[in-house]
Amino acid sequence: MNNKQDLIIIGAGLSGLYLATLLQDQYNIIILEARERLGGRILTQEGHDLGPSWIWPHQKHILSLVKELGLQTFSQYTKGEALYDTPALLQRFNAPPSSPSMRIKGGLIKLIDALVQKLPPSLIHINQEVLSMTENDNKISIKTPTKNYEADYVLSTLSPRLACEHISYEPPFPEDMKQEMLNTHTWMGHTAKCVIEFKTAFWKNEGLSGFVYSQVGPLGEIHDASTKDKAALFGFLQAHASTKDIINDVKAQMKRLFPVRVEDIKNIYFVDWRKERFSSNALDHKGLSTHPKYGLSLSHFNKKLLFIGTETAYENGGYLEGALISAQEILKILENISQA
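Residues numbered from 1 in each chain as written. Predicted model: local features only at pLDDT ≥ 70, side-chain atom pairs only at ≥ 80, totals over all residues. Heavy atoms only, no water.

Q: Which parts of the structure should I look at to understand the sheet that holds strand β11 (residues 139-143)?
A: Strand pairing in a sheet is mediated by backbone hydrogen bonds. Such pairs are either parallel or antiparallel. Spatial strand order, β12-β11-β10-β14: four strands in an open sheet with mixed pairing. Every other strand in the sheet has two partners, leaving β12 (148-151) and β14 (168-170) as the edge strands with one partner each. Strand-to-strand twist of the sheet, defined as the mean angle between neighbouring strand axes without regard to direction, takes the value 20°. By the bridge criterion, five bridges tie strand β10 (residues 132-136) to β11 in an arrangement that is antiparallel. (Pairing = 2+ DSSP bridges. Helix = DSSP H or I, 4+ residues; strand = E, 2+ residues; numbered from the N terminus. Axes fitted to C-alpha atoms, helices over the stretch in contact; angles between N-to-C directions.)

Q: Is there a simple way to explain the nonpolar core in this structure?
A: Soluble, globular proteins show a tendency: their nonpolar side chains are buried together. Within the largest apolar cluster, 40 residues are counted, with the highest numbers of intra-cluster contacts made by Leu14 and Ile31. Among the elements of the structure, β1 (5-10), α1 (14-23), β2 (27-32), α2 (60-68), β8 (102-104), α3 (109-116), β13 (153-156) and α8 (320-339) are those that each provide at least two residues to this core. Counting residues per element, this core draws most heavily on α8, at seven residues. If we skip the residues at most four places from it in the chain, Leu14 touches Gly39, Ile42, Ile62, Leu65, Leu111, Ile112, Leu115, Leu320, Ala323 and Leu324. Core analysis: the second largest hydrophobic core is formed by 24 residues, Val212, Ile222, Ala231 and Val260 among them. (Core = buried A, V, L, I, M, F, W, Y, C linked by side-chain atoms within 4.5 Å. Buried < 20%, exposed > 50% of the residue type's maximum accessible area, 1.4 Å probe, protein only. Contact = heavy atoms within 4.5 Å.)

Q: What is the right way to read unusual backbone geometry from this model?
A: Peptide bonds are trans in most cases, and residues, glycine excluded, mostly fall at negative phi. Cis geometry marks the peptide bond from Gly217 to Pro218; its omega dihedral reads 10°. With an omega of -25°, the peptide bond running from Phe258 to Pro259 counts as cis. Relative to the helices and strands, Pro259 resides in the loop between α7 (246-257) and β19 (265-272). If you check the backbone angles, Asp137 has positive phi at about 50° while not being a glycine. Turning to its location among the elements, Asp137 is positioned in the loop between β10 and β11. The phi dihedral of Lys303 is positive, around 65°, even though this residue is not glycine. Along the chain, Lys303 turns up in the loop between β20 (299-300) and β21 (305-307). Assessed through its relative accessible area of 49%, Lys303 is described here as partly exposed.

These values are about where atoms sit, not about what they do.
Right, dumping it as structure tokens:
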């Protein structure tokens, strides 16, 4: 006889999938994902990461998970000089040493794929945007455009702002909790990222690291994004740069910086996270001058609805590490609830 309680996880990104692998033996789990794909802000196209990409040596949770899943990492390429790009000049310089970072072979989607392999396929439901939650008789009723669900507990991995914007709650959030959530910046909600794939990594032969700081744009900060078999650079779009003709604008920037022929560019991949409905809202579009202060302990419906994700983590908020730390924090809360 199945005496396990029903648990719904909203969001099939890193924290949601990771938690599902840890809790699937204790609960009857369903994951509801609004998108038609898995991974949330992790997005890999043709081996190139268009969302987060870096892992640092001090981030023990993500490194432990990578090892557990049998994935491999490689060091971010930083050898050589950098370029400083202004309207008046293009100058080579020796950039200060950066903290050593790593990337996952095959892209971060390998992390998502490996977690999914640990779960039964029937557990994940895509194209299921949650519209409302209602507390009824110690249960939570969830409505999507096509189906209704019911659970004993719900874990929401949505960023706090988007959890407020996209879903209605009955009874509603207390006003102070709602304002705290709305004041929490959605990580990556202000960014757009571009990967430029070339025939060869010519910059390495020219003694360049691939790092560029540009006042001209449209990409303001550029780094090497090469993989074992592909030569590439990636860059973050300047906050006020236009995206109207972004592909041609990026090509023009590459020609100005290096210079390369247009024929040397094989592909350009671009994602504007500001236009991703489930990753950003209007409050997030303003650029950041410093890393946001994260760390929230949020619950509703008498602790039957809990919130997790990198924005709620008290350590490494905004990073992959923060997503895993927040999941570990929720595990402790669920354990305390079950023992009460």
